[in-house]
Each structure stands twice: as C-alpha cells, then as structure tokens.
Amino acid sequence: MSLSGPSPIGPSLSGPWRRAAAGAGLLGSDGAVRPTIFAEMSALASSTGAINLGQGFPDEDGPAEVLDAAREAIAQGVNQYPPGRGSAVLLEAIAAHQHRFYGLDVDPQREVLVTAGATEALAATILGLVEEGDEVLTLEPFYDAYGALIELARGVHTTVPLRSPDFLPDHGELRAAVTDRTRLILINSPHNPTGSVLPVETLDLIVELAHRHNAIIVTDEVYEHLTFRVAHVPIASRPGARERTITISSGGKTFSTTGWKIGWAIAPSEHITAILAVKQFLTYVNGAPFQPATALGLGLPDEFFVSAAATLERKRDILSAGLSAAGFTVSRPQGGYFVIADAAPLGYADAADFCRRLPELAGVVGVPLSAFCHPRMAAETASLVRFAFCKRVDVLERAAVQLAGL
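The rules we used
- Residues numbered from 1 in each chain as written.
- Predicted model: local features only at pLDDT ≥ 70, side-chain atom pairs only at ≥ 80, totals over all residues.
- Heavy atoms only, no water.
- Salt bridge = Lys/Arg side-chain N within 4 Å of Asp/Glu carboxyl O.
- Helix = DSSP H or I, 4+ residues; strand = E, 2+ residues; numbered from the N terminus.
- Buried < 20%, exposed > 50% of the residue type's maximum accessible area, 1.4 Å probe, protein only.
- 1 Å grid on protein atoms, 1.4 Å probe; cavity = no way out; pocket = protein on both sides within 12 Å on 5 of 7 lines; lining within 4 Å.
- Points joined across faces, edges and corners; volume = space filled by probe spheres on them.
- Nonpolar A, V, L, I, M, F, W, Y, C, P; charged D, E, K, R; others polar.
- Domains from an automatic or database assignment.
- pLDDT = per-residue confidence, 0-100.
- Contact = heavy atoms within 4.5 Å.
- UniProt positions renumbered as here; feature names shortened; annotations may be inferred.
- Axes fitted to C-alpha atoms, helices over the stretch in contact; angles between N-to-C directions.
- Parallel < 35°, antiparallel > 145°, perpendicular 65-115°, else oblique.
- Left-handed = near helix turned anticlockwise from the far one by under 90°.
- Core = buried A, V, L, I, M, F, W, Y, C linked by side-chain atoms within 4.5 Å.
- Phe/Tyr/Trp six-rings, centres within 6.5 Å; stacked < 30°, edge-to-face > 60°.
- Buried area = accessible area lost by both parts, 1.4 Å probe.

> Help me understand the pattern of salt bridges in this model?
Opposite charge on two side chains allows them to pair when their charged atoms are near. Counted by the stated rule, this structure contains 19 salt bridges. As a salt-bridge pair, Arg-175 and Glu-208 come within 3.1 Å of each other at their nearest N and O atoms. Separated by 33 residues along the polypeptide, Arg-175 in helix 7 (residues 171-177) and Glu-208 in helix 8 (residues 200-213) bring together distant segments of the chain. Classification of Arg-175 as partly exposed rests on a relative accessible area of 40%. Across the pair Glu-313 and Arg-316 runs a salt bridge whose closest N-O atoms are separated by 3.6 Å. In this pair, Glu-313 and Arg-316 are both assigned in helix 11 (residues 302-326), three residues apart and thus about one turn of the helix distant. Accessibility expressed as a relative area gives 3% for Arg-316, which makes it buried. One salt-bridge network, in which partners are shared between bridges, spans Arg-229, Glu-313, Arg-316 and Asp-317.

> I keep staring at the layout of surface pockets and nothing clicks. Help me out?
Where empty space is left can be seen by rolling a probe of water-molecule size over the atoms. Of the pockets and cavities examined, the largest pocket occupies roughly 520 Å³. Residue lining of the largest pocket: 28 residues in total, with Gly-56, Thr-119, Tyr-143, Tyr-223 and Lys-253 positioned closest to the centre. Here the lining of the largest pocket takes four residues from helix 5 (residues 117-129), the largest share from any one element. Of the residues that constitute the lining of the largest pocket, the class distribution is twelve nonpolar, twelve polar and four charged. Both domain 1 (35-61 + 304-404) and domain 2 (64-299) contribute no fewer than three residues apiece to the lining of the largest pocket.

> Would you take a moment to explain empty space enclosed by the protein for this structure?
For the structure shown, the criterion picks out four cavities of 30 Å³ or more. Here the second largest cavity is characterised by a volume of approximately 100 Å³. Surrounding the second largest cavity, Gln-98, Leu-104, Val-106, Glu-111, Ala-236, Arg-242, Thr-245, Thr-247, Ile-266, Ala-267 and Pro-268 form its lining.

> What should I look at first to understand the confidence of the model for the chain in this one?
Regions with low pLDDT should not have their predicted coordinates read in detail. In this model, the chain carries a mean pLDDT of 93, and residues with pLDDT of at least 70 account for 92%. Across residues 1-9, confidence stays below pLDDT 50; counting only partners more than four residues off in sequence or on other chains, it has 32 contacts.

> Sorry, what's going on with the UniProt feature "domain: Aminotransferase class I/classII large" (unreviewed entry) in the chain here?
Under the feature "domain: Aminotransferase class I/classII large" (unreviewed entry), the UniProt entry names residues 50-374. The span residues 50-374 is 39% helix and 16% strand, and its two end C-alpha atoms sit 28 Å from each other.

> I'm lost on the packing of helix 3 (residues 64-75) against helix 10 (residues 290-298) in this one. Help?
A packed helix pair is summarised by two numbers, namely the angle formed by the two axes and the spacing between the axes. Viewed as axis vectors pointing N to C, helix 3 and helix 10 meet at an angle of 150 degrees, and their least axial separation amounts to 8 Å. Our classification of the angle between helix 3 and helix 10 gives roughly antiparallel. In terms of crossing hand, the pair formed by helix 3 and helix 10 is right-handed. Each of Glu-65, Val-66, Ala-69, Ala-70 and Ala-73 in helix 3 lies in contact with helix 10, whose residues at this interface are Phe-290, Pro-292, Ala-293, Leu-296 and Gly-297. Its residues assigned to classes, the contact of helix 3 with helix 10 shows eight nonpolar, one polar and one charged.

> Please clarify how the nonpolar core should be interpreted in this entry.
For soluble globular proteins, nonpolar side chains are generally found buried alongside one another. Formed by 94 residues in total, the largest nonpolar core has its most connected members in Ile-246, Leu-319, Phe-328, Phe-387 and Leu-403. Take this core: its biggest share by element is seven residues, from helix 5. Each of domain 1 (35-61 + 304-404) and domain 2 (64-299) accounts for three or more of the residues forming this core. Not counting residues up to four positions away in its chain, the partners in contact with Leu-319 are Leu-53, Val-339, Phe-387, Ala-388, Phe-389, Leu-396 and Leu-403. Formed by 23 residues, the second largest nonpolar core is a distinct cluster that contains Leu-91, Val-112, Phe-255 and Phe-304.

> Looking at this structure, I do not really get the packing of aromatic side chains. What am I missing?
What describes a pair of aromatic rings is the distance from one ring centre to the other and the angle between the planes of the rings. Enumeration over the complete set of coordinates arrives at 15 aromatic pairs. For the ring pair Tyr-223 and Phe-338, a centre distance of 6.4 Å and an interplane angle of 80 degrees mean the geometry is edge-to-face. Taken together, the residues span a long stretch of sequence, with Tyr-223 in the loop between strand 6 (216-220) and strand 7 (245-250) and Phe-338 in strand 10 (residues 338-342) at a distance of 115 residues. Judged by relative accessible area, Tyr-223 falls into the buried class, the value being 3%.

> Please clarify how the domain arrangement of the chain should be interpreted in this entry.
Interface size is often expressed as the accessible area that is lost when the parts come together. Under the domain assignment used here, the chain contains domain 1 (35-61 + 304-404) and domain 2 (64-299). Taken over C-alpha atoms, the centre of domain 1 sits 25 Å from the centre of domain 2. The interface of domain 1 with domain 2 comprises 32 residues on the first partner and 36 residues on the second. Roughly 2,800 Å² is buried in total at the junction of domain 1 and domain 2, and carbon and sulfur atoms are behind 63% of that figure.

Pasting the structure below:
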C-alpha cells in the first residue's frame, strides 16, 4: 500500500513496529514511517477547508438516549476500571443482540469480550492466534490495520482480490488461496472500503474451506446494521461455522459514536481466552461509562436500526448522484459508509495524485483505493477513489454541487 507523498515522520523504526509499518505500507525506503493516507488527506482537508469525505466518521451525533445514558453513567460514578471482560450489562446486551437479530445463542460470561473498538479485537485476535509463518487470508482491498497486524504477528498475508464493479471474490480464487498453511480467514462484510456484502454462497464456501484446512474464521462486521435492501447474514449463523468463528463488531458505526471505541469479540470460550490473554496487555480495559450506554443502544427498538440504514442509503444516493453528474463511474455499495468512484472517465489515471489535487479542483477530499491494496493490485485500482457518505445531508449536497464543477 505504498504511496508517494509527504516526508517521513518521526525516527526510523525497528523491531515489531517496523514490521507493522511495513504491513500497512507506511515504511519508506529510508526506513522511516510515513503518515497514513487518511492522516494526510484529513490534514489536507483541514488546511484547505475542503469537505472531508476521506475518513469514515460521521459529522453528527447518534441517538440522544444513547448519549444521555453515557452522561448518566458518568454522573453515577461509572468512571473507574470496568471488569476485564467488560461490564456485565454490555456483555449481556451483546449476547441478547445476537439472539434477537440472528438467532444465535451466546454465553455472555464465557463467549463475549469487550474491547477498545473493533481494531483492538482484531489486534488481540491476530496476535493471540497467529504464530510466525502462519498465513492469514484477507480480501483485497483490505482495511489497512489488517496488513499491519499480520506483519506484527509475523504472519504471512495472503489475499483474494475484489474487482470492480461488484467487488465480490471469485470462488475459484478463494479455493486456491486457502491452504493447510492458512491459520485465519479474515473477512469483512459489509466490506470496507468497497461496500460489498458477501452472499450466502460465498459464506458457505468459506466455512467449507475452513473445515477442510482447519482454519479459524475471523469476521469483521462493524457495518452489520448499515446495509441497503440486503440482509446482513453473520457467517457464524451458517451451518458448521459457529465453533470455528470469531465475530468482531462495535457500536461506533451503528450509533455514530466512533470516538467511544467500544467493540467486542464473540467466539467459543477457548478462543476468547486466547484473545483475552493478549487484550489484557493492550488497553487492559476501556470506556467504562460508554459500555452501559452502548448496551442501551443495542436494545433500541427495531425502528432505530431500520431508520439508520435508510438514512445512510439516502446519503449514499445523494453523493453517488453528484459523482455521476461530475463524470465519475460510480459503484453501488450494498452497505457501509463508502462509495467507490472511477476518475478515469475524467482523464485522471492516478487516483493518489488526483486525491491530492481534488481540494483545489473541487474543494473535496477522497482517498485512493490503492491505499487499501498491495502494489500488485496497482493496475486494477489505479484510478479508483473511495468517498465517505456518512456525513450530514447538507454537506453531501454541497459536495455534490462542487464535484459537478469538475
């Protein structure tokens, strides 16, 4: 995921941090760490006053009752270390959520672990279960933390490409990629950055391959409630999957509270024990007053979850229409926060260069899709840009008008 850009920051890295930077594509030829493309684009948006559609965070608050619950927890003194596995009210709410939405029965005391966001759950899982030389398979493009964490664990990162326009894996390539060396099959659905949702046929093939090669499935489902006219199907709900699946999610995307960093892992107790063994030396615990607030959110009426997805779908359509009017070829994501737009019809073959010029051209910031890929996918992603539509409607409408000026 190497991108040319600004000068390196900080001292040269060594040891595990060097591996992590290399896995994230942030290690320069001089051995110094470079800022992520997300940090670079956000800084560019700040310095130019451009609309930041690069980073995937909402610009408006989530449900008032969830925010009020956090304030109430603080007022009641819920401000010290919570239990290591998470507060009882949140553990029970996560288990109840899995049963309510997916019919999955989960033991809240033995099969659930609260983490500092989904990223810590991913970190503790990969560091706890991957030995040096183990293969970890992901879809590509991939969330940048995946590559860094796999390198940090001294694993071998293998991928199956997701290609435009549908961004779904080829089953033949998936079969070829899973081998007896594969320790983890790490999937993300709804997918960041492409917005694709894996169909049941693909989920079932992954379960089949995990059994055949004795692999563990790790599934990142942080956008589980943000799908558009297609149901989210947890892979743990598929036949034969539950006993070898680690499900990771969080409240940040669902409740527009990304700064709270309340995530969780759900898995058979032996996997939770291995994950906890690492997690306790990362953050130890986190977010005491935000845990009961997130628990309240998970118990909100169905209307909230339906409305959240419908609102985000409308935002997708507003931004997509603006991008199309500007001349981009635009994907149609089935879930999540992001839309992929091809700048090639506008005459821009290099999305990284285009994104750096876009604040001047249209007062908008995006992120090149190549930031989520290894260099071998450079040709397939060269002109593709990821834009976030998890912003206020008036912001998206303004961005659409400005983009139309291209």
